[in-house]
Amino acid sequence: MDNNFEKLPFFGEKISPKKAEKTEGTNVKKTARQGAQSKRQAKMKPQKAANFAEYEEKMNSKQEQGSVKKESAQPVRNSRTQPEKRGKSSTLKIIPLGGLNEVGKNITVFECSNDLFVVDCGMTFPDSEMPGVDIVIPDFAYLEKNVDKIRGIVITHGHEDHIGGLAYLLKKINVPVYATRLTIGLIESKLKEHGLSGKVSLNVVKPKQTVKMGCMAVEFIRVNHSIPDAVALAIHTPAGVVVHTGDFKVDFTPIEGGVIDLARFGELGNRGVLALMSDSTNSERKGYTQTERKVGESFEKLFDKAEGKRIIIATFSSNIHRVQQIIDCAQRYGRKVAIFGRSMVNVINTAIELGYLSVPQGIIIDIDLMGKYPNEKIVLITTGSQGEPMSALTRMAMNDHKKVNITPMDFIIISATPIPGNEKLVTKVVNELMKAGAEVVYEAMYEVHVSGHACQDEQKLMMALTKPKFFIPVHGEYKHLKKHAQTAKEMGIPEENIIIAEIGNVIETNGIEMKITSQVPAGKILVDGLGVGDVGSIVLRDRKHLAQDGLIIVVATIESESGTILAGPDIVSRGFVYVRESEELMNQAKALLSKTLQQCLDNDTKEWNAIKTKLKDVLSDFIFSKTKRTPMILPVIMEI
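### Overview of the sheet that holds strand E16 (residues 378–382)
Part 1 of the reasoning: Strand order in the open sheet made by the five strands is E15-E16-E14-E17-E18, with parallel pairing throughout. Where the open sheet ends on each side, the last strands, each with one partner, are strand E15 (336–339) and strand E18 (439–442). The average angle at which neighbouring strand axes cross in this sheet is 20 degrees, direction not considered.
Part 2 of the reasoning: By the bridge criterion, four bridges tie strand E14 (residues 310–314) to E16 in an arrangement that is parallel. Looking at E16, one finds that Ile312 is bridged to Leu380.
Part 3 of the reasoning: Packing against the sheet, helix H8 (residues 293–305) makes contact with E14, E16, strand E17 (410–414) and E18, and its axis sits at approximately 165 degrees to E17.

### Digging into the sheet that holds strand E26 (residues 632–639)
Part 1 of the reasoning: An order of E25-E24-E26 is seen for the three strands of this open sheet, with the pairing classed as mixed. The open sheet is flanked by strand E25 (565–574) and E26, the only strands paired with a single partner. Here the average twist between neighbouring strands, direction ignored, is 15 degrees.
Part 2 of the reasoning: Two elements, strand E24 (residues 551–558) and E26, share eight bridges in a ladder whose sense is parallel. The partner of Ala556 across the bridge, within E26, is Ile637.
Part 3 of the reasoning: Here helix H16 (residues 583–602) sits on the sheet and contacts E24 and E25; the angle it forms with E25, its principal contact strand, is near 140 degrees.
Part 4 of the reasoning: The strands that helix H17 (residues 608–627) touches are E24 and E26; relative to E26, the one it contacts most, it runs at about 145 degrees.

### Quick look at a nonpolar patch on the surface
Part 1 of the reasoning: A contiguous nonpolar surface patch, about 240 Å² in accessible area, is contributed by Leu634, Val636 and Met638.
Part 2 of the reasoning: Here Met638 shows up in strand E26.

So, how was this worked out
Residues numbered from 1 in each chain as written. Predicted model: local features only at pLDDT ≥ 70, side-chain atom pairs only at ≥ 80, totals over all residues. Heavy atoms only, no water. Pairing = 2+ DSSP bridges. Helix = DSSP H or I, 4+ residues; strand = E, 2+ residues; numbered from the N terminus. Axes fitted to C-alpha atoms, helices over the stretch in contact; angles between N-to-C directions. Contact = heavy atoms within 4.5 Å. Patch = residues over 30% accessible without salt bridge, like charges linked within 9 Å, V, L, I, M, F, W, Y side chains within 5 Å. Areas by Shrake-Rupley, 256 points an atom, 1.4 Å probe, with all protein chains shown as cover. Salt bridge = Lys/Arg side-chain N within 4 Å of Asp/Glu carboxyl O.

The values reported here are purely geometric and, on their own, carry no functional implication.
Here you go:
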């Protein structure tokens, strides 16, 4: 396929990796189609020109009649390119490696011919079935296997569920990264933590720009979200155009930046969109998502109500729009702002440095200087809106914070909605804060949080504008994907053209048909401390076993030549029973173990593993008969 994507009106401005940084701040080239057809015709013979004009007229006619073939979804080509006949090389593969049937860990592969690129690389937090695990990242096995095909990584925005796994991937596969300015700034901070600073090609892009990815091209389109500089993607491929919304909502009065580029989605829809991959997070909610400015209005009322008290506001560290409104309110009410939480400090510093936060001189103070100001002159912005055990707000609630003690003179606002699964954690924090005498406001009481994701009417608007032939709901649990699919069906998309996929599915299309054809390795890699992937199903099983029933260690010393028991067997119990209060049970267990061990030695059993297994089985049966518990039993035999 001819890869001449430069200066194509359908794509907008093209960026080369080496000049991506220089494109920052430059004007976007005109996107009108003026002169494109005349230039093509000028370089053709008269007969060819007539044939090409006849071809375009025929395709436009079919598109207006609702019979859009795959050619109509192709990018407009330059004078050197005839309408391409699609063969095997035009087959597009869409492979979600995360983000389906789960919240977070978003990552999708687009592959065509010998070219491949990745959209997003996020992480998620462990659930109750993963004790001790810090974070969960995608399985990169497929990417490692196809490293020679990878042309780059495209990031839609700077939330953890889209960039949290990127550093782990870049340690294995060093390829160029393309993202908007704030997103690149947040990625740089993460790469520093992982020792990758300066070792990765980071390329800044802007909405309306296009980056080539081999035989494909990625166009960036402005959308609104709860973090600035979020973009959707129009992926131009030989099979047709695929629109990937990323996380989005429609906000006509955003705090920062422009309004979502609905016009461009409409243009793409008029030309022909092969498939729409759309954010499903709020697919169960009717209507529209409220504007972020609604939260600002609530803050004004709450700042009035909190007169004479210290205000503590917990929110997502990446919600820069929310932080901006808090700072604006603090300035109007003559308060100073202190920031708590490492992630909050990192994000705010990056946003200020890049100009995404407007902070008046002197309004932000060091946390060590809070004591110099009365309570009514202080606003604390902190992490912990999800009740995370080690977050600043949780430590305040548990009276375990070094610099902040909660008192009745505190007015606390939790400006976030609990992520599914975190409700109990948040409730526990709220209860502890109230026990300390503080007044606590959370979303159920006041409008102190709005979502960054599209509700049903916005999802319908996106479908109406893009008019996709196929629909693939993404970003959400199965119930979210299923509901989004139902909305698509209501919008007239045939049920057979709606694909609810799972991670690892290979979705193939030639521009006419689209279906799941195979499966690639996909799943979860658990990160525990500095260990990546060394905690697997067996380790998790043991951890859950230990958490549920505890541990018993049996220790004995044996002389190798005579087979005499020199010491033990002794029993050490952890997490099973308190030994001092269960002496009778422990004595009976010791007697049983001594008898069993002596029988093994009398029978001239020399295989230590056989002896250990016998001790374990005997003790397990005895413990279960007495307590109905099954602790983990670990026999240790020392030979002298």
